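# Architecture at a glance
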Amino acid sequence: DYLLMNATPRAIPLIKLVVQKVIIEQMNRDGMERSTVELSSLIESLDWNGNLEVRRQCLDNVFALLSLHIKTEAISILELALWKKSVHSFETKQFFVPRT
């Protein structure tokens, strides 16, 4: 909040740097590299206009997009788990057919 409330133009590059380092680098470590391209470009293109509400809205947009990417990644992981379960279930049925 301190950087967000700071009205000096020098705060803007620092805000961008902090957001880039905290969000983008964590996403890269978590294996979400393909999602970072869009977020990085959004962060770099932020236009603050010296207005606190504009700054807050810009950061809200970044966090909304981040939330969307996290939810998408979670859904992908769940889909993969369900697929693996169905494959395992199919393999089990193939090899263990009860005798009649």
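Small disclaimer: the values here were computed from a predicted structure and weren't measured.

## Thoughts on the overall build of the protein
On a plain count of helices and strands, the protein comes out with four helices and zero strands. Along the chain direction, N to C, the helices and strands of the protein fall in the order α-α-α-α. For the protein, the share of sequence-separated contacts (at least 6 apart) that also reach a separation of at least 24 residues comes to 57%. With an accessible surface of roughly 7600 Å², the protein has 63% of that area assigned to carbon and sulfur atoms.

## Points about helix H2 (residues 11–29)
End to end, H2 covers 27 Å across 19 residues, agreeing with the expected 27 Å (1.5 Å per residue, within 8%). Largest kink in H2: about 25°, centred on Gln20. Considered for burial, the residues of H2 that qualify are Ala11, Ile12, Ile15, Lys16, Val19, Gln20, Ile23, Ile24 and Met27. Positioned one or two residues after H2, Gly31 has a phi angle of 80°, which is positive.

## Quick word on the environment of Gly31
Following the sequence through the fold, Gly31 ends up in the loop between H2 and helix H3 (33–44). Taking the C-alpha atoms as reference points, Gly31 and Glu73, separated by 42 residues in sequence, lie 9.8 Å from one another.

## Points about the nonpolar core
One broad rule of soluble globular proteins: the nonpolar side chains tend to lie buried together. Residues Val19, Ile23, Met27, Leu39 and Val62 are the most contacted members of the largest nonpolar core, which totals 14 residues. Breaking this core down by element, the ones donating at least two residues are H2, H3 and helix H4 (52–95). Once residues lying within four places of it in the same chain are set aside, the contact partners of Leu39 are Ile23, Ile24, Met27, Val62, Leu65, Leu66 and His69.

## Quick word on a nonpolar patch on the surface
On the surface, a cluster of nonpolar side chains totalling about 330 Å² of accessible area is made up of Leu14, Leu17, Val18 and Val22. Taking relative accessible area as the criterion, Val18 reaches 38% and is therefore assigned partly exposed.

## A few points about the confidence of the model for the protein
Counting all residues, the mean pLDDT for the protein is 77, and 83% of those residues have values of 70 or more. Element-level mean pLDDT values for the protein span from 68 in helix H1 (residues 2–5) up to 82 in H4.

## Here's the deal with H3
Spanning twelve residues, H3 covers 17 Å between terminal C-alpha atoms, matching the ideal 16 Å at 1.5 Å per step. Among the residues making up H3, those that are buried are Ser35, Thr36, Leu39, Ser40 and Ile43. Mapping the buried residues of H3 onto a view down its axis gives an arc of 135°, with all of them on the same face. Those residues of H3 that are exposed and aimed more than 90 degrees away from the buried face are Arg34 and Val37.

## Quick word on the environment of Lys16
Mapped onto the elements, Lys16 comes out in helix H2. Sequence separation between Lys16 and Leu46 is 30 residues; the distance between their C-alpha atoms is 8.4 Å.

## A short note on the side chain of Ser40
Along the chain, Ser40 falls in helix H3. Polar contacts involving the side chain of Ser40 include one to the side chain of Gln20, which spans 3.5 Å. Setting aside anything within four residues of it in sequence, one finds Ser40 in contact with Gln20 and Ile24.

Scoring rules and cut-offs
Residues numbered from 1 in each chain as written. Predicted model: local features only at pLDDT ≥ 70, side-chain atom pairs only at ≥ 80, totals over all residues. Heavy atoms only, no water. Helix = DSSP H or I, 4+ residues; strand = E, 2+ residues; numbered from the N terminus. Contact = heavy atoms within 4.5 Å. Areas by Shrake-Rupley, 256 points an atom, 1.4 Å probe, with all protein chains shown as cover. Expected span 1.5 Å × (residues − 1). Bend = angle between axes of the 7 residues up to and from the residue. Buried < 20%, exposed > 50% of the residue type's maximum accessible area, 1.4 Å probe, protein only. Core = buried A, V, L, I, M, F, W, Y, C linked by side-chain atoms within 4.5 Å. Patch = residues over 30% accessible without salt bridge, like charges linked within 9 Å, V, L, I, M, F, W, Y side chains within 5 Å. Salt bridge = Lys/Arg side-chain N within 4 Å of Asp/Glu carboxyl O. pLDDT = per-residue confidence, 0-100. Arc of directions from axis to C-beta. Polar contact = N/O pair within 3.5 Å; in protein donor to acceptor, adjacent residues only side chain to side chain.

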